[in-house]
Amino acid sequence: MKALITGASSGLGKDMALVLGKKGWDLILVARRADRLENVKNQINNVNVQCIIADVSKTEECEKLYERTKDENVDMIINNAGFGDCGKFLETDLERELNMIDTNIKAVHILTKLFLHDFAQRNSGYILNVASSAGFMAGPLMATYYATKNYVLRLTEAIYQELRQDKINVHISALCPGPVETEFNQVASVKFAIKGLDSCQVAEYAIEQALKGKLIIVPGTAMKFAKFGGRFMPDKAMLRMCYKIQYHKV
Ligand SMILES: NC(=O)c1ccc[n+]([C@@H]2O[C@H](COP(=O)([O-])OP(=O)(O)OC[C@H]3O[C@@H](n4cnc5c(N)ncnc54)[C@H](OP(=O)(O)O)[C@@H]3O)[C@@H](O)[C@H]2O)c1
């Protein structure tokens, strides 16, 4: 079996690579930082690991990535590369937000479409799109990030249903964790009020559930309860709560 993972140079992407490597999967690791990818490769033994340097925010690099790997019989694609930013929408940087949309949405969209065509044709394969619990709601002070994760979640859900209706044996999942201890906070200049989950444990759980074909994967009991409880909270109360307690800029 073989998996392609974007954003495999740190955090959840790296840890999902380690989990799959231990299971004996060959790996194609993708990110921009070559040294960090090599470092991950060196931590994985007894399987074939290929590193590809690519900036997935660029359409042509996503297309090149697909062209380079389409004949490699990839069984699973994990669209994990992504980042956030914190601040009032009136004050945040437009260029950074457009790059976030390109990374968190456009790249996921392109790679899902390209690989899904092949997976559907051979009637097998797994797509794991890393969304977030941010995908369940709006996120004042992280408006763009939350909106990108809503897109990823809704896209994944819709494709899931189309595949089931057409009896196509391809499994698509959205991973929706709350805060996880990775480099995310540093990149986004954010500090969450809730302590983050352990990235290795989230990675283990995500892979286990994706291989079972679970549509929405929510690691941790607290976030499962929060998702359930959120259904009964009025929209505006939810917005006020998010604004006040969820995070602050560091
Ligand atoms: N940590 C959390 O609290 C949390 C919670 C829910 C969801 N998530 C999601 O989990 C995913 C992984 O984030 P993380 O928490 O593991 O953060 P992280 O440690 O900062 O890892 C982000 C990864 O994405 C890669 N990346 C970013 N932009 C890229 C680009 N343009 N092209 C290629 N690779 C790119 C980075 O690699 P390079 O810099 O080397 O390119 C890095 O490997 C993200 O989609 C994030 O939104 C995180």
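Everything below is about the structure printed above this text.
Throughout what follows, the structure given in this document is the object of discussion. (Residues numbered from 1 in each chain as written. Predicted model: local features only at pLDDT ≥ 70, side-chain atom pairs only at ≥ 80, totals over all residues. Heavy atoms only, no water.)

1. Quick notes on the packing of aromatic side chains
The tally for this structure, following the rule as stated, stands at 5 aromatic pairs. Between Tyr66 and Phe115 the ring centres are 5.2 Å apart and the planes differ by 90°, which places this aromatic pair in the edge-to-face class. Of this pair, Tyr66 sits in helix α3 (residues 59–69) while Phe115 sits in helix α4 (residues 94–122), placing them 49 residues apart in sequence. In this pair, the class of Tyr66 matches that of Phe115, namely buried. Summarising the aromatic geometry, the rings of Phe228 and Phe232 are spaced 5.3 Å apart at their centres and angled 75° between planes, so their arrangement reads as edge-to-face. Pairwise contacts between aromatic rings join Tyr66, Phe115 and Phe119 into one cluster. Above the plane of the ring of Tyr160 lies Arg164, whose end atom (NZ or CZ) is 4.9 Å from the centre. Positioned above the aromatic ring of Phe136 is the side chain of Lys227, whose terminal nitrogen or guanidinium carbon lies 5.3 Å from the ring centre. (Phe/Tyr/Trp six-rings, centres within 6.5 Å; stacked < 30°, edge-to-face > 60°. Helix = DSSP H or I, 4+ residues; strand = E, 2+ residues; numbered from the N terminus. Buried < 20%, exposed > 50% of the residue type's maximum accessible area, 1.4 Å probe, protein only. Lys NZ or Arg CZ within 6 Å of the ring centre and 35° of its normal.)

2. Re the packing of α3 against α4
Following both chains from N to C, one finds α3 and α4 inclined at 25°, their axes separated by 10 Å at the closest point. For the element pair α3 / α4, the angle class is roughly parallel. When the axes of α3 and α4 are compared, the crossing they make is right-handed. Residues Thr59, Cys62, Leu65, Tyr66 and Thr69 of α3 form the contact with α4, whose own contacting residues are Lys106, Ala107, Ile110, Leu111, Leu114, Phe115 and Asp118. Residues of the contact of α3 with α4, tallied by class, amount to 8 nonpolar, 2 polar and 2 charged. (Axes fitted to C-alpha atoms, helices over the stretch in contact; angles between N-to-C directions. Parallel < 35°, antiparallel > 145°, perpendicular 65-115°, else oblique. Left-handed = near helix turned anticlockwise from the far one by under 90°. Contact = heavy atoms within 4.5 Å. Nonpolar A, V, L, I, M, F, W, Y, C, P; charged D, E, K, R; others polar.)

3. Structural notes on a nonpolar patch on the surface
Taken together, the side chains of Leu94, Leu98 and Ile101 define a hydrophobic patch exposed on the protein surface, amounting to about 250 Å² of accessible area. Structurally, Leu98 is set in helix α4. (Patch = residues over 30% accessible without salt bridge, like charges linked within 9 Å, V, L, I, M, F, W, Y side chains within 5 Å. Areas by Shrake-Rupley, 256 points an atom, 1.4 Å probe, with all protein chains shown as cover. Salt bridge = Lys/Arg side-chain N within 4 Å of Asp/Glu carboxyl O.)

4. Side note on the environment of Asp85
With respect to the element layout, Asp85 can be found in the loop between β4 (76–79) and α4. Look at Asp85 and you get buried, because its relative accessible area is 12%. A sequence separation of 101 residues divides Asp85 from Gln186, and the C-alpha atoms of the two residues are 9.7 Å apart. One polar contact links Asp85 to Arg96, side chain to side chain, over a distance of 3.4 Å. (Polar contact = N/O pair within 3.5 Å; in protein donor to acceptor, adjacent residues only side chain to side chain.)

5. Quick notes on the site of the ligand
Neighbouring residues of the ligand: 29 residues in total, closest Ser9, Ser10, Arg32, Tyr145 and Thr182. Val180 is positioned with one of its backbone polar atoms (N or O) 2.8 Å from an oxygen atom of the ligand. Out of a free accessible area of 880 Å², the ligand has 97% covered by protein chains. Listing elements by their share of the shell around the ligand, those giving two or more residues are α1 (11–22) and α5 (143–165). When its residues are assigned to classes, the shell around the ligand shows 13 nonpolar, 11 polar and 5 charged. (Near = heavy atom within 4 Å.)

6. Brief notes about the environment of Met100
Among the structural elements, Met100 can be located in helix α4. For the pair Met100 and Gly82, spaced 18 residues apart in sequence, the C-alpha to C-alpha distance is 7.2 Å. With near-sequence residues (within four places) excluded, Met100 lies in contact with Phe83, Gly84, Asp85, Ile105, Thr144, Tyr145 and Thr148.

7. Considerations on the nonpolar core
One recurring pattern in soluble globular proteins: nonpolar side chains tend to sit buried together. Among the nonpolar cores identified, the biggest contains 32 residues, and Met16, Leu20, Leu27, Leu29, Ile78 and Leu128 are the most heavily contacted of them. Listing elements by their share of this core, those giving two or more residues are β1 (2–6), α1, β2 (26–31), α2 (34–42), β3 (49–53), β4, β5 (126–130) and α7 (199–211). In terms of residue count, the dominant contributor to this core is α1 (6 residues). When sequence neighbours within four positions are dropped, the list of residues in contact with Met16 reads Ile5, Ile78, Asn80, Leu128, Val130, Ala203, Ala206 and Ile207. In this structure, Ile77, Leu155, Ile159 and Ile172 belong to the second largest nonpolar core, which totals 25 residues. (Core = buried A, V, L, I, M, F, W, Y, C linked by side-chain atoms within 4.5 Å.)

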